[in-house]
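# Observations on the three-dimensional arrangement
Residue-level listing of the chains:
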Amino acid sequence: MGTIFGLDFGTTNSALSVNNDGHVEVVDIDEYNTSGKTLRSVIYFDEENNIFVGQEAIKNYIENRAGGRFMQSIKSFLPSKQFEYTYINRKRYELEDLLAIILKRIKNKGEEYVGHAVDNVVMGRPVVFSEDAEKDKLAEDRLRQAAEKVGFKNIKFQLEPVAAAFAFEEVLSEGEERKVLIGDFGGGTSDFTILNARGGKTRKALLRKDDVLAVGGIYIGGDIFDSQLMERWHADQINAR
């Protein structure tokens, strides 16, 4: 299939890896971020309808004294039937359009790195976006449509806890199995998975839902802690002045 992108679109941060003939590298996707390896999953529309993504969005939002429209945690709306579209500066944006703005930035950075267009992508997804099967399908369909909007043609999904287990499975011998607990402390939720990790060729099978033994989680993540810290500590300090 040639070059394949591995794209982790997160509630708070996103990242991109490039697989060329089995050689995998994590790509810098945000020159405004000190780490470079992650892109904040945020969008800012200023009052002139200029669009910024990532750390540049945060910078411009602050410099413009919170004028315009700042959007974060967009991924958390994927299973929501209530969020179909919104208007920004009199232009209609469906949820897939907002997702595509971030995905396009990531895809462009990856293609700049490899020097050619890339059609193939494996995207991470939680074991369940929602316990409601219909909403879970809606979430994956929306993410797929957003990826199609930015030009990906061959789109596959990998369960995030399975992807997290790959590094551990590298140290297992052929045929060796271990039951492991995987914790994913994300921006929107904290998820925990018990998974049957396998050494050898079997680990390369896509999705591997049969290896997921149990899942659980709570709808508390980094964004909630950030907002509470700002409200209870920083805001209180400002009001006390």
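First, a word on what this report is: a plain description of the structure on this page. (Residues numbered from 1 in each chain as written. Predicted model: local features only at pLDDT ≥ 70, side-chain atom pairs only at ≥ 80, totals over all residues. Heavy atoms only, no water.)

## Focus on the sheet that holds strand 7 (residues 69–71)
The following threshold applies: Pairing between two strands requires that DSSP report at least two bridges joining them. Counting from the N terminus, the helices are DSSP H or I runs at least four residues long and the strands are E runs at least two residues long. Only the stretch in contact is used when a helix axis is fitted, and all axes are lines through C-alpha atoms; the angle between N-to-C directions ranges over 0 to 180 degrees. We call two residues contacting when some pair of their heavy atoms lies within 4.5 Å.
If you walk across this open sheet you meet the 3 strands as 6-5-7, and the pairing is antiparallel. On the outer flanks of this sheet lie strand 6 (51–53) and strand 7, each paired with one strand and no other. Between one strand axis and the next, the sheet turns by 15° as a mean value, whatever way the strands run. Here 3 bridges tie strand 5 (residues 43–45) to strand 7, and the two strands are oriented antiparallel to one another. Directly across from tyrosine 44, in strand 7, lies its bridge partner phenylalanine 70. The sheet strands contacting helix 2 (residues 95–114) are strand 5, strand 6 and strand 7, and the helix crosses strand 5 at an angle near 110°.

## With respect to the sheet that holds strand 12 (residues 177–185)
Across the sheet, 3 strands lie side by side as 12-13-14; this open sheet has antiparallel pairing. In this open sheet, the two edge strands, each paired with only one partner strand, are strand 12 and strand 14 (212–218). Ignoring strand direction, the axes of neighbouring strands in this sheet form an average angle of 15°. Looking at chain direction, strand 12 and strand 13 (residues 190–198) are connected through 9 bridges and run antiparallel. Paired with valine 180 across the strands is leucine 195, a residue of strand 13.

## So, the environment of alanine 117
For clarity, the cut-off: Relative accessibility thresholds used throughout: buried, under 20% of the residue-type maximum; exposed, over 50%; partly exposed, between the two (1.4 Å probe, protein chains only).
Locating alanine 117 in the fold gives a position in the loop between helix 2 and strand 10 (120–125). Take alanine 117: its relative accessible area is 60%, and that puts it in the exposed class. Counting along the chain gives 41 residues from alanine 117 to glutamine 158, while the straight-line C-alpha distance between them is 22 Å.

Interpretation note: all reported values are geometric properties and have no functional meaning in isolation.
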